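Residue strings, one per chain:
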Amino acid sequence: GDFIPVDGAEPGSTDYVVGEFNCSCVGISKFQAVCGGTKTLADVPDEDYFDAIQLTDLMGVTAIKMLDEKNNEVLESVRGGEAQLVDARPAEAKAESAVEEAVPVDTTTGAGMDDLDKDKTIYLQHVDFNAALETARELADKGFKNVVALGDDVRKLVAKGFAQKS
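Along each chain, residue indices are assigned from 1 in the same order as the chain's sequence is written. Confidence filtering applies because this is a predicted model: local features only for residues at pLDDT of at least 70, side-chain atom pairs given and counted only at 80 or more, and all residues used for totals across whole chains, interfaces and linings. Only hydrogens and water are set aside; all other atoms, that is, all heavy atoms of the structure, feed into the side-chain values.

Novice: Account for the overall build of the chain, naming residues and giving values.
Specialist: For helices the rule is a DSSP run of H or I covering at least 4 residues; for strands it is a run of E covering at least 2, with both sets numbered from the N terminus onward. Counting its secondary structure elements, the chain contains four helices and six strands. For the chain, the sequential pattern of α-helices and β-strands runs β-β-α-β-α-β-β-α-β-α. With the C-alpha coordinates of the chain rotated into their principal frame, the extents come out at 60 × 45 × 25 Å. A fraction of 50% describes how many contacts in the chain between residues 6 or more apart in sequence connect residues 24 or more apart. Residue-level accessible areas treat just the shown protein chains as cover; the underlying method is Shrake-Rupley with a 1.4 Å probe. Looking at the chain as shown, the accessible area adds up to about 10700 Å², and 52% of this sits on carbon and sulfur atoms. A residue counts as positive if it is Lys or Arg and as negative if it is Asp or Glu; His and the chain ends are not included. Taken as the charge centre is NZ of Lys, CZ of Arg, CG of Asp or CD of Glu, depending on the residue. Each charge class in the chain can be summarised by its mean position, and for the 16 positive and 32 negative side chains these summaries are 5 Å apart. Whether two residues touch is decided by their heavy atoms; if any such pair falls within 4.5 Å, the residues are in contact.

Novice: Describe in detail helix 1 (residues 46-79), supporting the description with residues and values.
Specialist: What a helix is expected to span follows from its residue count: subtract one and scale by 1.5 Å. For helix 1, with 34 residues, the first-to-last C-alpha span of 48 Å sits near the 50 Å given by 1.5 Å per residue. Along helix 1, the sharpest kink reaches roughly 30°, centred on isoleucine 53. We call a residue buried when its accessible area falls under 20% of the maximum for its residue type, exposed when it is over 50%, and partly exposed in between, using a 1.4 Å probe and counting protein chains only. By the burial criterion, the buried members of helix 1 are Ala52, Ile53, Met59, Val74, Leu75, Ser77 and Val78. In this structure, the buried side of helix 1 is in contact with strand 3 (83-87) and strand 5 (121-125). Following helix 1 by one or two positions, glycine 81 has its phi on the positive side, about 90°. Two axes enter the definition of the bend at a residue: one is fitted to the seven residues ending there, the other to the seven starting there, and the bend is the angle between them.

Novice: So, the sheet that holds strand 6 (residues 146-150): which residues are in play, and what are the values?
Specialist: What holds strands together in a sheet is hydrogen bonding between their backbones, with the strands either parallel or antiparallel. If you walk across this open sheet you meet the four strands as 4-3-5-6, and the pairing is parallel. Of all the strands in the sheet, just strand 4 (102-104) and strand 6 have a single pairing partner and so form its edges. Across the sheet, the axes of successive neighbouring strands diverge by a mean angle of 30°, strand direction being ignored. DSSP calls a pair of strands paired once it identifies at least 2 bridges connecting them. Inspection of the sheet shows strand 5 paired to strand 6 by five bridges, in the parallel sense. Helix axes are fitted only over the stretch in contact, all axes being lines through C-alpha atoms; the angle between N-to-C directions runs from 0 to 180 degrees.

Novice: Tell me what's going on with helix 3 (residues 129-141), and back it up with residues and numbers.
Specialist: Over its 13 residues, helix 3 runs 18 Å from end to end, which matches the ideal 18 Å to within 8%, given 1.5 Å per residue. Looking only at helix 3, the buried set comprises Ala132, Thr135, Ala136 and Leu139. Looking straight down helix 3, one finds its buried side chains confined to an arc of 105°; they lie on one side. Structural note: helix 3 exposes Asn130 and Asp141 on the side pointing more than 90 degrees away from its buried face. As for helix 3, its buried residues are in contact with strand 5 and strand 6. One or two residues past the end of helix 3 sits glycine 143, with phi positive at roughly 105°. Working definition: the arc comes from the directions between the helix axis and the C-beta atoms, pointing outward to the latter.

Novice: Give a detailed account of the side chain of glutamine 84, specifying residues and quantitative values.
Specialist: Structurally, the position occupied by glutamine 84 is in strand 3. Taking relative accessible area as the criterion, glutamine 84 reaches 11% and is therefore assigned buried. Polar contacts here mean pairs of N or O atoms no more than 3.5 Å apart (in protein, one a potential hydrogen donor and the other a potential acceptor; neighbouring residues in sequence count only if both atoms are side-chain atoms). Of note is the side chain of glutamine 84, whose polar atom sits 3.0 Å from the backbone oxygen of aspartate 115. Beyond its immediate sequence surroundings of up to four residues, glutamine 84 is in contact with Val78, Val103, Asp115, Leu116, Asp117, Lys120, Thr121, Ile122 and Tyr123.

Novice: Break down the nonpolar core for me, citing the residues and quoting the values.
Specialist: Definition used in this section: a nonpolar core is a set of buried Ala, Val, Leu, Ile, Met, Phe, Trp, Tyr and Cys residues joined via side-chain atoms within 4.5 Å. Counting 13 residues, the largest nonpolar core has Val86, Val105, Met113, Leu116, Leu124, Leu139 and Phe144 as the members making the most contacts within it. Those elements that place two or more of their residues in this core are strand 5 and helix 3. Considering each element in turn, this core owes the most residues, three residues, to helix 3. Discounting chain neighbours no more than four positions away, the residues touching valine 105 are Val86, Asp87, Ala88, Lys94, Ala111, Gly112, Met113 and Leu116. Counting eleven residues, the second largest nonpolar core, distinct from the first, contains Val78, Tyr123, Leu157 and Phe162.

Novice: So what about the packing of aromatic side chains? Which residues, and what values?
Specialist: Two rings belonging to Phe, Tyr or Trp (six-membered ring only in the last case) form a pair when the distance between their centres is within 6.5 Å. Interplanar angles under 30 degrees mark stacking, angles over 60 mark edge-to-face geometry, and anything in between is tilted. Evaluation of the coordinates by the stated rule reveals two aromatic pairs. The interplanar angle of 55° and the centroid separation of 6.1 Å between the aromatic rings of phenylalanine 31 and tyrosine 49 together place this pair among those described as tilted. Taken together, the residues phenylalanine 31 in the loop between strand 2 (14-18) and helix 1 and tyrosine 49 in helix 1 connect sequence positions 18 residues apart. The exposure class of phenylalanine 31 is buried, given its relative accessible area of 6%. Note on tyrosine 49: relative accessible area 25%, which makes it partly exposed. Feature note: the residues Phe31, Tyr49 and Phe50 constitute an aromatic cluster, connected by ring pairs. Criterion for a charge above a ring: Lys NZ or Arg CZ within 6 Å of the ring centre, and within 35 degrees of the ring normal. The ring of phenylalanine 144 is capped by lysine 118, whose NZ or CZ atom sits 5.9 Å from the centre of that ring.

Here it is in structure tokens:
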């Protein structure tokens, strides 16, 4: 994996984030014989598989734990008023299901935009992640300081702790 230095939480400190994992990483290299091409994990010798799978399973479990923690931070920041969840989905999707904490916005007409705070983090929900990214760019161009595009549908948001409107 590639470790990338980033500014740490304390002034002058440095944290490191992992940029990628690939088959040449220590502990995973036993899978390298099946990277690319037509071979699968079934082609890895049993001994190599059981050695390497311990690390990749740990990496997966750790990644899921980190994502769950981040999801909890998002939920708490919305509920605590430091951030806003924005529902920029098409009207028919909003009518079908919605999240209580979300501010409904119509990006075509601009309806609901006045209810957004440019100084808060905006978590933008859309059915199409590419559309969410485009809307995030538009909001950034309008002066919003921090916009995060979410590709999650309502079921996923509810599973993360948000309340669904009935």
